[in-house]
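A structural walkthrough
Residue strings, one per chain:
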Number of protein chains: 2
Amino acid sequence: MIRIGIFGYGNLGKGVECAVKKNKDMELTAVFTRRDPATVKVATEGVKVLKEDELQNMKDEIDVLILCGGSATDLPEQTPKYAALYNVVDSFDTHAKIPEHFAAVDKNAKAAGKTCVISCGWDPGMFSLNRLYANCILPDGKDYTFWGKGVSQGHSDAVRRIDGVKDCRQYTCPVESALESVREGKNPELTTREKHTRECFVVAEEGADLARIENEIKTMPNYFADYDTTVHFITEEEMKKNHAGLPHGGNVIRTGKTGMNDENTHVIEYKLTLDSNPEFTGSVIAAYARAVYRLNKEGSTGCKTVFDIAPAYLSDLSSEELRAHLL
Amino acid sequence: MIRIGIFGYGNLGKGVECAVKKNKDMELTAVFTRRDPATVKVATEGVKVLKEDELQNMKDEIDVLILCGGSATDLPEQTPKYAALYNVVDSFDTHAKIPEHFAAVDKNAKAAGKTCVISCGWDPGMFSLNRLYANCILPDGKDYTFWGKGVSQGHSDAVRRIDGVKDCRQYTCPVESALESVREGKNPELTTREKHTRECFVVAEEGADLARIENEIKTMPNYFADYDTTVHFITEEEMKKNHAGLPHGGNVIRTGKTGMNDENTHVIEYKLTLDSNPEFTGSVIAAYARAVYRLNKEGSTGCKTVFDIAPAYLSDLSSEELRAHLL
């Protein structure tokens, strides 16, 4: 059994917990938290909840530690720190800072003989993998990524900060006609506005000026100004009833040409439709936790990404079984 | 430059030639053939055409040899034989015989210090990879593979063997309603007939009994009896004008459950829409030829499949560039 530790028990931590339950060769050993452990109730029976400090003492009881903190401030500190003690997996998603994060984690992991995977999930993660494969197969081509329909946490938070807003759920939606034109191999040049729309479901405070709120949302730079945005004001009950989930998904598409005269067009599409963003992300992470465990046993240490790991390492089947049943 | 040799200059050999042209770090050195070389005209200028025997003398001039013969009789003999002399890639697709083919190639490649990839293309190949990734991410789920719309060479050949048939092009078509029900996460149990239909375009000999031909097609065991088949009789001119290409494609879909109570459903779909089956297969092979070349330089020898190769090896970009631009 691969003994898993989870540090951080928010949406992603719970998603990893669900994923561990689905993998017969894994068990959840402990959840670590910065909160008072007495206030944290985990869904899996018999799992210890421990203070972060206890991570100093659990090295012999955990094979892979999954870091479920945020990319802004938690992971830049936590991943390098715990890479010196554990094999770790994180879902660091600040694209611009991946090179420095990688270097910090790699240094500590190599010194400690540990194996780590950073930026694991679906984007970055499975979407990145599909971009890479498709680029290598069709060097003469064009990439498109569409997101949604799904809840964007960052955009929902941005609306919540507007005066008079009690709650918001923001959905990012791909523009179907743009998606179709890409699928048809038409290689369109698409502006930000032409690729996605944004839809906000807002609970306003009593007596708030709805027209002002709507205008503040639609004109918010970076977040909404470059998009066609729809705003719906709803009640708290409607929010609870219709917008409790965290669905997401999207499409990675590459179109490319082959032939002595570029006469043939090919379309490669990878599409995710997810009821729960954190549970799917947790499921990808669990598969890579297995890879990390096996690579470490083989003596392959340091920091890695999804690009560096042969697919067979994700599976609990032998190479012979994979060739016989999945090839 | 990675120096490529092609053995076998049919549709696939020509597809590999087109792919080599699109990869800036590759060059086509020679085409090898069992025919009289004087009768073979290659599309790329300056490329030698040589008899198969010359493969004994070209070891120092070719880095990777691509074997473009058929899976029934050519590759079982050729791939092990030339794995003793070259790094090789083949597209062996007789699923049931992959284990023994792997063993034969592995033995010779290891003894000679060569690196090989077998069963490379899109199915087996990219479809296999996507089945593996999706199975590892969603252990509790169900796999579906749909093929088409595309030309099946084997089925076209089977119809051509019927008395009175001059030519045939057979298209395999996915049943859209079945595909939709899978995409919606409904986990349907689908019979052969419910997944695909078959459409035949037939040129009959003058005076042939069309009703008899149509009946022989529709009742042919293994090939057509289990499917709803449509037969269109057309002229030779129509065949030439409307059915000259070899389009293909398909969908690999896995749906799976997560959540403490299996309350969430996820759909992972990989979809290919290909104008030219052999040119796309050749493009996948070219990317894996690069991986084979690099792995051999690192001393990683023996037989491999797409499951055993880390995605980064397919790219001519460095790990740093991949992390910065594609992750």
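Residues numbered from 1 in each chain as written. Chains lettered and ligands numbered in written order. Predicted model: local features only at pLDDT ≥ 70, side-chain atom pairs only at ≥ 80, totals over all residues. Heavy atoms only, no water.

With that settled, the discussion passes to helix H1 (residues 11–22) of chain A. For H1 of chain A, which comprises twelve residues, the first-to-last C-alpha distance of 17 Å matches the rise-based estimate of 16 Å (1.5 Å per residue) to within 8%. Along H1 of chain A, the residues that are buried comprise Leu12, Gly13, Gly15, Val16, Glu17, Cys18, Ala19, Val20 and Lys22 of chain A. The secondary structure elements touched by the buried residues of H1 of chain A are strand E1 (2–7), strand E2 (26–33), strand E4 (64–67) and helix H10 (277–297) of chain A together with strand E12 (248–258) of chain B. (Helix = DSSP H or I, 4+ residues; strand = E, 2+ residues; numbered from the N terminus. Expected span 1.5 Å × (residues − 1). Buried < 20%, exposed > 50% of the residue type's maximum accessible area, 1.4 Å probe, protein only. Contact = heavy atoms within 4.5 Å.)

Time to look at the interface of chain A and chain B. If you look at the interface, chain A gives 65 residues, while chain B gives 65 residues. A buried area of about 6,000 Å², summed over both sides, lies between chain A and chain B, and 65% of it is on carbon and sulfur atoms. Contact with chain B buries surface across chain A, with Lys22, Met260 and Leu327 of chain A losing the most and accounting together for 14% of the total. At the junction of chain A with chain B, the criterion picks out four salt bridges. With a shortest N-O distance of 2.6 Å, Lys22 of chain B and Asp140 of chain A are connected by a salt bridge. Our count for the chain A to chain B interface comes out at 25 residue pairs in polar contact (both at pLDDT 80 or more). Sorting the residues of the side of chain A that touches chain B by element identifies H1, helix H3 (98–112), helix H4 (126–137), strand E12 (248–258), strand E13 (264–274), H10 and helix H11 (319–325) of chain A as the ones contributing at least two each. Looking at the side of chain A that touches chain B element by element, the count peaks at eleven residues for E13 of chain A. (Buried area = accessible area lost by both parts, 1.4 Å probe. Salt bridge = Lys/Arg side-chain N within 4 Å of Asp/Glu carboxyl O. Polar contact = N/O pair within 3.5 Å; in protein donor to acceptor, adjacent residues only side chain to side chain.)

With that out of the way, let us pick up empty space enclosed by the protein. Per the counting criterion, the structure on display carries two cavities of 30 Å³ or more. In this structure, the largest cavity is lined by Met126, Leu129, Asn130, Tyr133 and Tyr270 of chain A together with Met126, Leu129, Asn130 and Tyr133 of chain B. Counting only elements with at least two residues in the lining of the largest cavity, the list comes to H4 of chain A together with helix H4 (126–137) of chain B. Split by residue class, the lining of the largest cavity holds seven nonpolar, two polar and no charged. As a volume, the second largest cavity reaches approximately 40 Å³. Taken together, Ile137, Leu138, Pro139, Lys257 and Thr258 of chain A together with Ala19, Lys22, Asn23 and Ser283 of chain B make up the full set of residues lining the second largest cavity. Within the residue set of the lining of the second largest cavity, elements represented by two or more residues are E12 of chain A together with helix H1 (11–22) of chain B. Of the residues that constitute the lining of the second largest cavity, the class distribution is four nonpolar, three polar and two charged. (1 Å grid on protein atoms, 1.4 Å probe; cavity = no way out; pocket = protein on both sides within 12 Å on 5 of 7 lines; lining within 4 Å. Points joined across faces, edges and corners; volume = space filled by probe spheres on them. Nonpolar A, V, L, I, M, F, W, Y, C, P; charged D, E, K, R; others polar.)

Moving on to the pattern of salt bridges. Residue and element names in this part refer to chain A. Within the structure shown, the criterion is met by 46 salt bridges over all chains. For the salt bridge of Arg131 with Asp123, the shortest nitrogen-to-oxygen distance reads 3.0 Å. Through salt bridges that share partners, Asp157, Arg160, Asp167 and Arg169 make up one connected network.

With an RMSD of 0.0 Å, chain A superimposes on chain B once it is rotated by 180 degrees and translated 0.0 Å along the axis. A rotation of that kind, with that shift, is consistent with a two-fold axis. Within chain A, Ala310 of chain A has its C-alpha nearest the rotation axis, a separation of 1.9 Å. Here 100% of the contact residues of chain A are again contact residues in chain B; the copies associate through an equivalent surface. (Least-squares fit on C-alpha atoms with pLDDT ≥ 70 in both.)

Counting residues in hydrophobic clusters, the biggest one holds 160 residues, and the most contacted among them are Ile4 of chain A together with Ile4 of chain B. In this view, Ile4 of chain B contacts Val20, Met26, Glu27, Leu28, Thr29, Ala30, Ile62, Val64, Ile66 and Ala289 of chain B; residues no more than four positions away in its chain are not counted. If you look at the next biggest cluster of nonpolar residues, it comprises 13 residues, including Val159, Ile162, Cys168 and Val202 of chain B. (Core = buried A, V, L, I, M, F, W, Y, C linked by side-chain atoms within 4.5 Å.)

This part is about the confidence of the model for chain A. Residues at a pLDDT of 70 or more form 100% of chain A, whose mean pLDDT is 97. Taken together, the chains of this predicted complex give a pTM of 0.97 and an interface ipTM of 0.97. (pLDDT = per-residue confidence, 0-100.)

Another aspect to go through is the pairing of strand E9 (residues 165–174) of chain A. Residues and elements named next belong to chain A. When you tally the buried positions in E9, you get eight out of ten residues, the bulk of the element. Pairing analysis gives two bridges linking strand E8 (residues 150–151) to E9, with the strands arranged antiparallel. Each residue of the ladder has a partner; that of Val151, found in E9, is Tyr171. Pairing between E9 and strand E10 (residues 196–204): nine bridges, direction antiparallel. Along E10, the bridge assignment pairs Tyr171 with Glu199. (Pairing = 2+ DSSP bridges.)

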